[in-house]
Amino acid sequence: MPLGQEQETIDQKPIFNAEPFKGSFCGKDIISVEQFTLRKEIEVLFEVADRMKQSVEEGEIRKDLKGCGVALLFYQPSTRTFSSFSAAVQKLGASCQISIPDMESFSSAAKGESLKDTIEAIEQATAVDVIVLRHPEDSSSQEAAHFAKVPIINAGSGRLAHPTQAILDLYTIREELGRMDGLTVTMIGDLKNGRTIKSLAKLLTLGDGIRFNFISPPILRMPEEVNNYLRQKGAKVIEGNSEELRDVLGETDVLYVTRVQEEWFVHQAMREIKEALGEKAKIIGEDKLLEAAKILGEGYYQQAVEGYVIDLELLERAKEKMIVMHPLPRVGEIAYEVDDNPRAAYFRQMRNGLYTRMALLAAILGKAKIPFCSNNLSVV
Ligand code: NCD
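Here is a short report on the structure shown in this document.

What counts, and at which threshold
Residues numbered from 1 in each chain as written. Predicted model: local features only at pLDDT ≥ 70, side-chain atom pairs only at ≥ 80, totals over all residues. Heavy atoms only, no water. Near = heavy atom within 4 Å. Polar contact = N/O pair within 3.5 Å; in protein donor to acceptor, adjacent residues only side chain to side chain. Areas by Shrake-Rupley, 256 points an atom, 1.4 Å probe, with all protein chains shown as cover. 1 Å grid on protein atoms, 1.4 Å probe; cavity = no way out; pocket = protein on both sides within 12 Å on 5 of 7 lines; lining within 4 Å. Sits in = over half its atoms within 2 Å of the grid points. Nonpolar A, V, L, I, M, F, W, Y, C, P; charged D, E, K, R; others polar. Helix = DSSP H or I, 4+ residues; strand = E, 2+ residues; numbered from the N terminus. Expected span 1.5 Å × (residues − 1). Buried < 20%, exposed > 50% of the residue type's maximum accessible area, 1.4 Å probe, protein only. Contact = heavy atoms within 4.5 Å. Salt bridge = Lys/Arg side-chain N within 4 Å of Asp/Glu carboxyl O.

1. Description of the site of the ligand
The immediate surroundings of the ligand are formed by T81, R134, H162, Q165, R195, T196, R259, Q261, P327, L328 and P329. Between the ligand and the protein, one listed contact pairs an oxygen atom with a side-chain N or O atom of R134 at 2.9 Å. In this structure, an oxygen atom belonging to the ligand sits 2.8 Å away from a side-chain N or O atom of R195. About the coverage of the ligand: the protein hides 93% of its 320 Å² of free accessible area. The cavity that encloses the ligand is the largest pocket. Each residue belonging to the shell around the ligand can be placed in one class, and the counts come to three nonpolar, five polar and three charged.

Next comes the structure, spelled out in structure tokens:
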């Protein structure tokens with residue numbers, strides 16, 4: 001929705017800068033964690049999430065979203081994000097939920113419809129009050145927010161951002177460790193393609209004295225612009241290879257593990273092949289290019305999976321209070337034997353997604369009885 005400013009236009013797609021919250025969530029888009037400019041805002045949201053948690057645990061029937069409609073439009077696979085938004089909508093008593101978990105094949109996107117037209121169609125056809133969007137393009141949520149009249153919540157955009165995951169992750173850290181300051185956070189895995197770690201790292205800089213260890217194979221390093229952002233915000237950033245995990249484990253408060261995101265390797269290979277071939281790519285044709293990209297992508301993937309596994313033997317080196325987090329799905333990087341260890345926070349982390357998404361939906365729709373105002377943020 002046009003609450004922020006249109007910044008510039010690239011390839012006919014407007015790039016839209018969502019407004020910072022400035023104390024109020026009501027009517028706002030959630031596009032990226034950079035919108036959180038005040039720590040107090042996230043703390044208030046967490047207090048709302050605490051109240052949602054209490055309601056769920058006590059089986060209270062809430063009616064905050066009575067009369068409201070929410071659309072969930074997912075162009076990429078999802079288990080947790082989709083189902084937790086869906087449950088959050090139901091637990092807040094919304095009157096209408098439009099859930100399309102397979103937009104790529106079941107919506108008119110399969111016929112070539114643009115995101116602009118699809119967003120317009122959903123708004124007109126369903127009269128929903130908020131749209132939750134997951135999409136493979138980095139700029140998808142910004143683009144949708146530019147065209148939509150109702151708020152857009154980014155549920156994962158390309159390789160760039162996953163703000164609601166970052167919110168639930170930070171909520172988990174606060175729950176588990178009782179603080180947001182002075183943390184050493186070690187992130188391991190696909191730091192290049194993962195969107196959760198980029199958003200969480202940025203959000204963590206709302207705390208003071210944050211130190212990051214970014215552990216990955218060289219071809220999956222955190223992009224430099226993210227490192228620069230973190231350093232500008234006062235965080236310390238150290239990068240290392242997977243074998244260095246053992247050295248930093250003893251100082252780590254949060255070990256955030258991610259999977260190698262195989263699905264992006266073919267995209268990257270295709271882009272590189274097209275760039276290298278220039279005009280000749282058109283003569284060769286998409287099918288042949290895709291074949292070549294699959295071979296090159298597989299080569300990249302083999303370089304990237306160097307077999308880091310978090311197991312109980314490794315955890316013996318960790319602080320007693322260290323927590324292990326993962327946005328999930330996992331594909332072998334945390335051994336199942338870790339699941340019953342008290343440090344394994346990844347299942348509790350998932351449940352926190354429900355509470356924080358309930359809080360966000362209620363706050364954005366202005367339906368929970370939570371007064372937000374810029375000078376005196378409080379929850380009643
Ligand atoms: C992540 C995502 O989709 O970015 N999953 C999630 O939302 N919990 C992480 C991943 O797919 O690896």
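2. Remarks on helix α10 (residues 263-277)
Between its terminal C-alpha atoms α10 stretches 23 Å, which fits the 21 Å expected from 15 residues at 1.5 Å a residue. Of the residues making up α10, those classed as buried are W264, F265, Q268, A269, M270 and I273. Tucked into the core, α10 has its buried residues touching α12 (286-304). Of the residues one or two after α10, G278 is the one with positive phi, at around 60°.

3. Remarks on the pattern of salt bridges
A complete count under the given rule lists 17 salt bridges for this structure. One salt bridge connects E175 with K53, and the closest N-O pair in it is separated by 2.9 Å. Linking E175 in helix α6 (residues 163-177) with K53 in helix α1 (residues 39-58), this pair joins segments that are 122 residues apart in sequence. A residue is classified by how much of its surface remains accessible, and E175, at 34% relative accessible area, is partly exposed. For R348, the salt bridge identified is with E176, shortest N-O distance 2.6 Å. Of this pair, R348 sits in helix α14 (residues 346-364) while E176 sits in helix α6, and the two are 172 residues apart along the sequence. Note on R348: relative accessible area 36%, which makes it partly exposed.

4. Brief notes about unusual backbone geometry
Across the junction of L328 and P329, the peptide omega takes the value 10°, indicating a cis bond. Structurally, the position occupied by P329 is in the loop between β11 (323-325) and α14. Of note in this structure, A127 is not a glycine but carries a positive phi near 55°. Relative to the helices and strands, A127 resides in the loop between α4 (115-126) and β5 (130-135). Of note, the phi angle at L328 is positive, near 65°, even though the residue is not glycine. Locating L328 in the fold gives a position in the loop between β11 and α14.

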